[in-house]
Amino acid sequence: MNKMVNGKQCTILFHVDDLKISYESSTVVTEVIDILKKRYDKFKKSMSVTRGKVHEYLGMVLDFTVPGKVRIDMTKFVGTMIDGM
C-alpha cells in the first residue's frame, strides 16, 4: 500500500501479520506505528518494531546501508531449507 505524505511516498508491505513500513522520515514511520498500535492493541499482542538499515523480513535480509540501493540476501533462509531436507 502506498500513500503520499508531505509529497513523498510512504509504503507499507503486508504479509499475514508481518509489515514493513518505509518512508524517508522516521517521524512519519513512528506516527504510522502509533496509529497501528492504538488500533490493534485490543488484541493484546505486543508489536515488535525494528529500526535501522538492515532488517530481516520473511526470510530475507534487507540491507539499505548503501544510499539508493537495497541488497537482498536469502542465504540463511535457503540454508535452513536445505538442512530440513
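For the structure, see preceding data.
Everything in this summary refers to the structure shown in the same document. None of the values given here were measured: they were computed from a predicted structure. (Residues numbered from 1 in each chain as written. Predicted model: local features only at pLDDT ≥ 70, side-chain atom pairs only at ≥ 80, totals over all residues. Heavy atoms only, no water.)

1. Concerning a nonpolar patch on the surface
Note the cut-off: Each patch is built from residues that are more than 30% exposed by relative accessible area and take part in no salt bridge. Like charges join if they lie within 9 Å; nonpolar side chains (Val, Leu, Ile, Met, Phe, Trp, Tyr) join within 5 Å. What sets the accessible areas is the Shrake-Rupley method with a 1.4 Å probe; for residues, cover comes only from the shown protein chains. Here, a salt bridge means any side-chain nitrogen of Lys or Arg that lies within 4 Å of a carboxyl oxygen of Asp or Glu. Where helices and strands are cited, they refer to DSSP runs of H or I of at least four residues and of E of at least two residues respectively, numbered from the N terminus.
On the surface, Val-70, Ile-72, Met-74, Phe-77, Val-78, Met-81, Ile-82 and Met-85 cluster together into a nonpolar patch covering about 810 Å² of accessible area. Among the elements that make up the nonpolar patch, the one with the highest residue count is helix H2 (residues 75–83) (four residues). Examined against the element boundaries, Met-74 turns out to sit in the loop between strand S6 (71–73) and H2.

2. Remarks on the environment of Leu-62
Put simply, the rule reads: Accessible area is worked out with a 1.4 Å probe on protein chains only. A residue is then buried under 20% of its type maximum, exposed over 50%, and partly exposed in between. Residue contacts are defined here by distance: any two heavy atoms, one from each residue, within 4.5 Å place the two residues in contact.
For Leu-62, the position within the fold is in strand S5 (residues 60–63). Classification of Leu-62 as buried rests on a relative accessible area of 7%. Taking the C-alpha atoms as reference points, Leu-62 and Gly-7, separated by 55 residues in sequence, lie 25 Å from one another. Apart from residues lying up to four places away in sequence, Leu-62 is in contact with Lys-20, Lys-53, Val-54, His-55, Tyr-57, Val-70, Arg-71 and Ile-72.

3. Some thoughts on the side chain of Asp-63
If you trace the backbone, Asp-63 turns up in strand S5. Setting aside residues up to four positions removed in sequence, Asp-63 forms contacts with Lys-53, Val-54, Lys-69, Val-70 and Arg-71.

4. Regarding the sheet that holds strand S4 (residues 54–57)
Rules: Here the rule is simple: two strands pair whenever DSSP picks up at least two bridges between them. Helix axes use the C-alpha atoms of the stretch in contact, all axes being lines fitted to C-alpha atoms, and the angles between their N-to-C directions lie in the range 0 to 180 degrees.
Ordered by their spatial adjacency, three strands build an open sheet running S4-S5-S6, and the pairing between neighbours is antiparallel. On the outer flanks of this sheet lie S4 and S6, each paired with one strand and no other. Strand-to-strand twist in this sheet, taken as the mean axis angle between neighbours without regard to direction, amounts to 20°.

5. Some points on the pattern of salt bridges
For the structure on display, the rule yields two salt bridges. The salt bridge partner of Arg-71 is Asp-73, with a shortest N-O separation of 3.7 Å.

6. What to know about the pairing of strand S2 (residues 8–15)
In summary, the side chains of a regular strand alternate between the two faces of the sheet. Of the pairings in the sheet, the one linking strand S1 (residues 2–5) to S2 comprises four bridges and is antiparallel in character. In the strand pairing of S2, Asn-2 is matched with Thr-11. Connecting S1 to the antiparallel partner S2 that follows it, the hairpin turn spans two residues, and Asn-6 within it adopts a positive phi of roughly 55°. Remark: two residues form the turn of the hairpin made by S2 and strand S3 (residues 18–22), two consecutive strands paired antiparallel; Val-16 in that turn has positive phi of roughly 55°.

7. Regarding the pairing of S4
Of the two faces of S4, the one holding His-55 and Tyr-57 is buried and the one holding Val-54 and Glu-56 is not buried anywhere. One ladder, built from four bridges, connects S4 with S5; its direction is antiparallel. Of the residues in S5, the one forming a bridge with His-55 is Leu-62. In textbook terms, the turn of a hairpin is the stretch between consecutive antiparallel strands, and for S4 and S5 this stretch comprises two residues, one of which, Leu-58, has a positive phi near 55°.

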